[in-house]
2 protein chains.
Amino acid sequence: MKHLAILGSTGSIGQSTLRIVESYPGSFRVVSLAAGRNVETAFEQCQRWHPRVISVADEPLADELRARLKAAGISGMEVVHGPAGTVHVATLTEIDFVVSAIVGVAGLEATYAAVVAGKTVGLANKECLVAAGEILIAEARRRNVRLLPIDSEHNAIHQCMRGGAPQEVRSIWLTASGGPFRTMPLEQFASISIEQALKHPTWVMGQRITIDSATMLNKGLEIIEACRLFDLPPSAVKVTIHPQSTIHSLVEFVDGSILAQLSVTDMRLPILYALTYPERIVSDLTFDMAALAQLDFSPPDFKRFPCLRLAYEAAELGGEHCIALNASDEIAVEAFLTGRIPFVSIPRTIEAVLQQTPHRHPETIAEVLEADARARATARNVLALR
Amino acid sequence: MKHLAILGSTGSIGQSTLRIVESYPGSFRVVSLAAGRNVETAFEQCQRWHPRVISVADEPLADELRARLKAAGISGMEVVHGPAGTVHVATLTEIDFVVSAIVGVAGLEATYAAVVAGKTVGLANKECLVAAGEILIAEARRRNVRLLPIDSEHNAIHQCMRGGAPQEVRSIWLTASGGPFRTMPLEQFASISIEQALKHPTWVMGQRITIDSATMLNKGLEIIEACRLFDLPPSAVKVTIHPQSTIHSLVEFVDGSILAQLSVTDMRLPILYALTYPERIVSDLTFDMAALAQLDFSPPDFKRFPCLRLAYEAAELGGEHCIALNASDEIAVEAFLTGRIPFVSIPRTIEAVLQQTPHRHPETIAEVLEADARARATARNVLALR
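A few points on the structure. Here the structure is a predicted model, which is why all the values come from computation and not from measurement.

Another point: the sheet that holds strand 5 (residues 97–100) of chain B. Residue and element names in this part refer to chain B. Reading across from one edge, 4-3-2-1-5-6-7 is the order of the seven strands in this open sheet, with parallel pairing throughout. Only two strands of the sheet have a single neighbouring strand rather than two, namely strand 4 (78–81) and strand 7 (147–149). Strand-to-strand twist of the sheet, defined as the mean angle between neighbouring strand axes without regard to direction, takes the value 25°. Of the pairings in the sheet, the one linking strand 3 (residues 53–56) to strand 4 comprises four bridges and is parallel in character. Counted as the bridge partner of isoleucine 54 is valine 79 from strand 4.

Each partner contributes residues to the interface: chain B has 44 residues there, and chain A has 44 residues. The junction of chain B with chain A conceals about 3,600 Å² of combined surface from both sides, 53% of it contributed by carbon and sulfur atoms. Contact with chain A buries surface across chain B, with B:Asp255, B:Arg280 and B:Met289 losing the most and accounting together for 20% of the total. The tally of links from chain B across to chain A stands at two salt bridges. Note that A:Asp255 and B:Arg280 form a salt bridge whose closest N and O atoms lie 2.9 Å from each other. There are 26 residue pairs in polar contact (both at pLDDT 80 or more) connecting chain B and chain A. Mapped by element, the contributors of at least two residues to the side of chain B that touches chain A are helix 8 (152–160), strand 8 (169–176), strand 10 (247–253), strand 11 (258–262), helix 12 (268–276) and strand 12 (294–296) of chain B. When residues in the side of chain B that touches chain A are grouped by element, the largest group, five residues, is from strand 11 of chain B.

Rotating chain B by 180° and moving it 0.0 Å along the rotation axis overlays it on chain A with an RMSD of 0.0 Å. Expressed as a symmetry operation, the mapping of one chain copy onto the other fits a two-fold axis. Taken as a fraction of all interface residues of chain B, those also at the interface in chain A reach 100%, which identifies the copy contact as same-surface.

Moving on: the pattern of salt bridges. What the rule picks out here adds up to 52 salt bridges over all chains. For A:Arg68, the salt bridge is made with A:Glu40, and the minimal N-O distance between the two is 2.7 Å. A residue pair is termed long-range when its members are at least 10 positions apart, and A:Arg68 in helix 3 (residues 59–71) and A:Glu40 in helix 2 (residues 39–49) qualify at 28 residues. Overall, the relative accessible area of 27% leaves A:Arg68 in the partly exposed class. For B:Lys126, the salt bridge identified is with B:Glu225, shortest N-O distance 3.6 Å. On the criterion of sequence distance, the pair formed by B:Lys126 in helix 6 (residues 126–130) and B:Glu225 in helix 11 (residues 217–230) is long-range, its members being 99 residues apart. With relative accessibility at 5%, the residue B:Glu225 sits in the buried group. Taken together, the shared-partner salt bridges connect A:Glu127, A:Arg208, A:Asp212, A:Asp329, A:Glu330, A:Asp372 and A:Arg376 into one network.

The next point concerns helix 10 (residues 207–215) of chain A. Each α-helix winds once per 3.6 residues, and so residues spaced three or four apart point in a common direction. Residues and elements named next belong to chain A. Buried within helix 10 are the following residues: Thr210, Ile211, Asp212, Ser213, Ala214 and Thr215. Structurally, helix 10 contributes buried residues whose contacts are with helix 9 (194–197), helix 11 (217–230), helix 13 (306–317), helix 14 (320–337) and helix 15 (345–355). One or two positions beyond helix 10, positive phi appears at methionine 216, with a value near 70°.

Conventions adopted
Residues numbered from 1 in each chain as written. Chains lettered and ligands numbered in written order. Predicted model: local features only at pLDDT ≥ 70, side-chain atom pairs only at ≥ 80, totals over all residues. Heavy atoms only, no water. Pairing = 2+ DSSP bridges. Helix = DSSP H or I, 4+ residues; strand = E, 2+ residues; numbered from the N terminus. Axes fitted to C-alpha atoms, helices over the stretch in contact; angles between N-to-C directions. Contact = heavy atoms within 4.5 Å. Buried area = accessible area lost by both parts, 1.4 Å probe. Salt bridge = Lys/Arg side-chain N within 4 Å of Asp/Glu carboxyl O. Polar contact = N/O pair within 3.5 Å; in protein donor to acceptor, adjacent residues only side chain to side chain. Least-squares fit on C-alpha atoms with pLDDT ≥ 70 in both. Buried < 20%, exposed > 50% of the residue type's maximum accessible area, 1.4 Å probe, protein only.

Next comes the structure, spelled out in structure tokens:
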């Protein structure tokens, strides 16, 4: 029986995690949840899972949740709030495993606290590795804490890495769907509409990640994540365009052998893998090998997707450049989605911010958050000047 | 420094092994060689590698080799011969690793002796697992001896299996090129010529294995090998047609994840893997991932390739049926290659022999050899009656 804290319980990864817990009665116990502003879903999760502690975004929401629980006759549940509440949720003594699935830099502090408290962490939050990766990984190494990726690409790499020792890896290959503009000629990029960019060929996701997929900045962030998580230089982390998204990633070993991982595209699979690692348990998430017909691969085009190049440059520099890459992209995507800049200005904005970013390595989560705020301000300045 | 015995040193796998030894001075030492009838190559290998012991097929060949070594001023080399000579080569005290690459049942006795002597064995000989698999595996398990496959499919499976515990494997998928008749309509099979059958689309190999590839009996033998080597029921060993032969095989785990291995198609890679296992060492056998374009897969057609069905049936029954499958195929292929039977009679001959095969499990290598001889006689009878 593993005792879980789920940070971001009302989000997509949080809900998928709870579906897994549901499927394996006796294997997992939900000890604590950190929800955000969605009190309705948080309340339902309390009814269903009876966590010992639940955290919501702020005090008024905590009061609202307490009142609803009381009205429903549910007692013995500690309701906390804010960043301190999330840290409390992530560090309770009886917790074995923390699912880190809060979106954005809001997830950093509690995830770091979980590592410091010696918890195994399943990482679904990109910022933990992109913005705070250097700090988080160093701390995890120092305390011999396991960090398990629960996004499909890095989870695939984690699985393939079992085929050899870490020092026997020559390079890794992240697969990328290529997004909606994979085959669009470069000269048409200038006229890409918001509507076109929001239509992803294979995945239905949130708006920012859909645009990140269209610019391939999402793959850029994954490059940085992979460098941190698997202790590899950016030159050893490569990208191959694979429109079917069947192979989730590959690892090439020094002897020339390559291992690849494939499966159905269901987030429950990497979550289940992380939750049960180093064991695997039986699931009904079967990939129909007999129906597998064709897999295509091609090299990425750095001209059409300059975000990839920017990500490699940020990965090489590390520290604040990775923070600025992520933060400036969020601001630029918002500007694109509100019609203030064209699609091709997303990478241009990021590049301008990166050029103004100092070459520094934050040493605490607080410093990461400061650098993040600075990069956002710089991005807004860059956009205002256009 | 690993000390090697190479059984079948003048054959293709033997020579590839020596090329690897050549590439890694300081990593391997050639202690003993078992050659066959090719004294010329055996002599050259003695000159180059100075094995302590070398075995050839019979006494006259041993005398010839001794004379050539003496004339060349090479001394201190023990020249032995015949089956006892091969066993001697495989069981010398200082040997760590035995490459078992003698073709056919001739390789059984020495390979078994190597296992009994506690040597790690790299298996390239099909008969070791198809005909004597039950005995060999039981002995290896009893003595805690490592058997490492050095053909590309099983080696791929061995690599993918590292992604989980043996009991976490749901099934394995052997990839098959499909041979030259992959897309030929069934009604044309009756008129397949010897010439057509000898043209393999992707591999240049010996005659029997080329025909076995055209009938897909080779994949059938691999199914049996996989069952023995990885302790799986035939129902858990599946086949997928993959004409590019880039992915060498796949392992599906109970949680629904699949790992696949890919690499250049060079026999040195699985040999190197086996020789260095559990480590991997740097090689120049690089697969060009950036050039990977398309991989195709389709289910095998049991109507056009009845040898696959026969292999599953033999795998299910085990013992003498597996021996008979292999032995009767060799006789049937010989009959096809000499124009005595049509292509479609190869599986018919095998099926007739299997029907006359008793349901027994040999318990010694001698009993395996007897069963093999009986099956060959039965196959000759079946062919004479046509």
